[in-house]
Amino acid sequence: MSYSLLNDQIVKNDEIVIDKEDRGYQFGDGVYEVVKVYNGELFTATEHIDRFYASAEKIRIAIPYTKDKLHQLLHQLVEANNVDTGHVYFQITRGACPRNHIFPGDDVKPVITGNTKENPRPVANFENGVKATFVEDIRWLRCDIKSLNLLGAVLAKQEAHEKGCYEAILHRGETITEGSSSNIYGIKDGVLYTHPANNLILNGITRQVLLTCATEIGMSVKEEAMTKEQLLAMDEAIVSSTTSEVTPIIDIDGKAIGNGTPGEWTRKLQAQFETKIPKGINA
Ligand SMILES: *Cc1c(COP(=O)(O)O)cnc(C)c1O
């Protein structure tokens, strides 16, 4: 038996029915989050929940209960599904009503759903690194919102997939922004570079943890955008996200980054990141 989150309740999966006129379905009118579960424990849940409320507020959806309540529900869901290592996905939409771009009245309530997935850590990628490809960033100008509208990301990721690459590195003109569902970094002479957290990227929770890790191991951090050319000339490159954690990029469009294997700073960052991970109640 598997369970899902539906508004303020944990219910059996087959008890969830989504209205065909839900605005999430028709407009992608909502926001979402993915939180990693390690050894049965939610990782950086508070930060993800804060961002969820912030994303919802930016599109003027009021979440109908407190952050503590949501935290508690996510915890219950993870327990109910007995998740060991994987993630919990959750989203909110503006609700169901006859199709109309204009917001519905207060009688239409937002719809919150969530589910879990058992999903092993991609340790082979951490060890060996991955290939990436440059794709033009055609998304909108509010990439700071974790929107359900993911067409730009879907098209970019598919293009990368068809080229045999793990991730699409998005660029606006010559400037690197982020990955299709991740953040991108370059390392040169022990300095970690990544795009500043503004409206052109989603400020990853993993990004924030990684920047802390970098400082802790004595790297300097520059939140400055890189050009494609600058990224290709870096000693090392990294892609980060909740599920990708700290994954080395060893090749972009057939060009090796550094010597084409994961670099020393990346290894140190991975080790530092590892110290942050919940070890569970059996540790
Ligand atoms: C979710 C996401 C990220 C990574 O955020 P995390 O909180 O680290 O998972 C980066 N970029 C985009 C576009 C995303 O949707």
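Anything mentioned here points back to the structure above.
Described in the following lines is the structure provided in the data block. (Residues numbered from 1 in each chain as written. Predicted model: local features only at pLDDT ≥ 70, side-chain atom pairs only at ≥ 80, totals over all residues. Heavy atoms only, no water.)

Next up on the list: the pattern of salt bridges. Tallied over the entire structure, the rule returns 17 salt bridges. Asp137 is the salt-bridge partner of Arg139, the closest N and O atoms lying 2.9 Å from each other. Classification of Arg139 by relative accessible area gives buried; the value is 17%. Residue Asp137 is classed as buried on the basis of its relative accessible area of 4%. Notably, a salt bridge pairs Asp235 with Lys188, separated by 3.3 Å at the nearest N-O pair. With Asp235 in the loop between helix H7 (228-232) and strand E13 (236-241) and Lys188 in strand E10 (residues 183-188), this pair connects stretches of sequence that are 47 residues apart. In the salt-bridge network here, residues are joined through shared partners; they are Asp137, Arg139, Arg172 and Glu178. (Salt bridge = Lys/Arg side-chain N within 4 Å of Asp/Glu carboxyl O. Buried < 20%, exposed > 50% of the residue type's maximum accessible area, 1.4 Å probe, protein only. Helix = DSSP H or I, 4+ residues; strand = E, 2+ residues; numbered from the N terminus.)

Moving on, we get to the nonpolar core. In summary, soluble globular proteins display a tendency toward joint burial of nonpolar side chains. Among the nonpolar cores identified, the biggest contains 25 residues, and Leu42, Phe52, Leu70, Leu74 and Val88 are the most heavily contacted of them. Every element with two or more residues in this core is listed here: strand E3 (30-38), helix H2 (45-58), helix H3 (67-80) and strand E5 (86-93). (Core = buried A, V, L, I, M, F, W, Y, C linked by side-chain atoms within 4.5 Å.)

With that settled, consider the packing of aromatic side chains. Per the stated rule, a full pass over the model turns up five aromatic pairs. On the numbers, 5.4 Å between centres and 80° between planes, the contact of Tyr38 with Phe43 is edge-to-face. Measuring from ring centre to ring centre gives 6.3 Å for Phe52 and Tyr53, while their planes differ by 80°; the resulting arrangement is edge-to-face. On the basis of relative accessible area, Phe52 is assigned to the buried category, the value being 0%. The class of Tyr53 is buried, set by a relative accessible area of 14%. Put simply, the rings of Tyr38, Phe43 and Phe273 pair up and form one aromatic cluster. Above the face of the Trp265 ring, Lys268 is positioned so that its terminal group lies 4.3 Å from the ring centre. (Phe/Tyr/Trp six-rings, centres within 6.5 Å; stacked < 30°, edge-to-face > 60°. Lys NZ or Arg CZ within 6 Å of the ring centre and 35° of its normal.)

Our next topic: H2. The end-to-end C-alpha separation of H2 is 20 Å, in line with the 20 Å expected for 14 residues at 1.5 Å each. Of the positions making up H2, those classed as buried are Ala45, His48, Ile49, Arg51, Phe52, Tyr53, Ser55 and Ala56. Looking at the buried side of H2, the elements it contacts are E3, strand E4 (41-42), H3, E5 and helix H6 (205-216). (Expected span 1.5 Å × (residues − 1). Contact = heavy atoms within 4.5 Å.)

Okay, the sheet that holds strand E6 (residues 111-118) next. The pairing of strands in a sheet happens through backbone hydrogen bonds and is either parallel or antiparallel. Reading across the sheet, the six strands line up as E2-E1-E6-E5-E3-E4 and stay open at both edges, with antiparallel pairing between neighbours. Looking at which strands have only one partner, the edges of the open sheet turn out to be strand E2 (9-12) and E4. Bridge analysis of E5 against E6 gives eight bridges, and the strand direction is antiparallel. Directly across from Gly86, in E6, lies its bridge partner Glu118. Packing of H2 onto the sheet brings it into contact with E3, E4 and E5, and relative to E3 it is tilted by some 175°. (Pairing = 2+ DSSP bridges. Axes fitted to C-alpha atoms, helices over the stretch in contact; angles between N-to-C directions.)

Here we come to the environment of Ile169. Structurally, Ile169 is set in strand E8 (residues 167-172). In this structure, the C-alpha to C-alpha distance between Ile169 and Ile138, residues 31 residues apart in sequence, is 12 Å. Other than its neighbours up to four places away in sequence, Ile169 contacts Ala132, Thr133, Phe134, Val135, Ile176, Glu178, Ile184, Leu231, Ile249 and Ile252.

Further remarks concern the site of the ligand. Neighbouring the ligand are 16 residues, the closest being Lys146, Glu178, Ile205, Thr206 and Thr242. Interatomic distance of 2.7 Å between a side-chain N/O atom of Lys146 and an oxygen atom of the ligand. One of the side-chain N or O atoms of Glu178 is found 2.7 Å from a nitrogen atom in the ligand. With the chains in place, 93% of the 380 Å² that the ligand exposes on its own is no longer accessible. Of the residues in the shell around the ligand, the class split is three nonpolar, nine polar and four charged. Structurally, the shell around the ligand is a two-domain feature, drawing no fewer than three residues from each of domain 1 (3-118) and domain 2 (123-274). (Near = heavy atom within 4 Å. Polar contact = N/O pair within 3.5 Å; in protein donor to acceptor, adjacent residues only side chain to side chain. Areas by Shrake-Rupley, 256 points an atom, 1.4 Å probe, with all protein chains shown as cover. Nonpolar A, V, L, I, M, F, W, Y, C, P; charged D, E, K, R; others polar. Domains from an automatic or database assignment.)

All we've got here are geometric facts, nothing functional implied.
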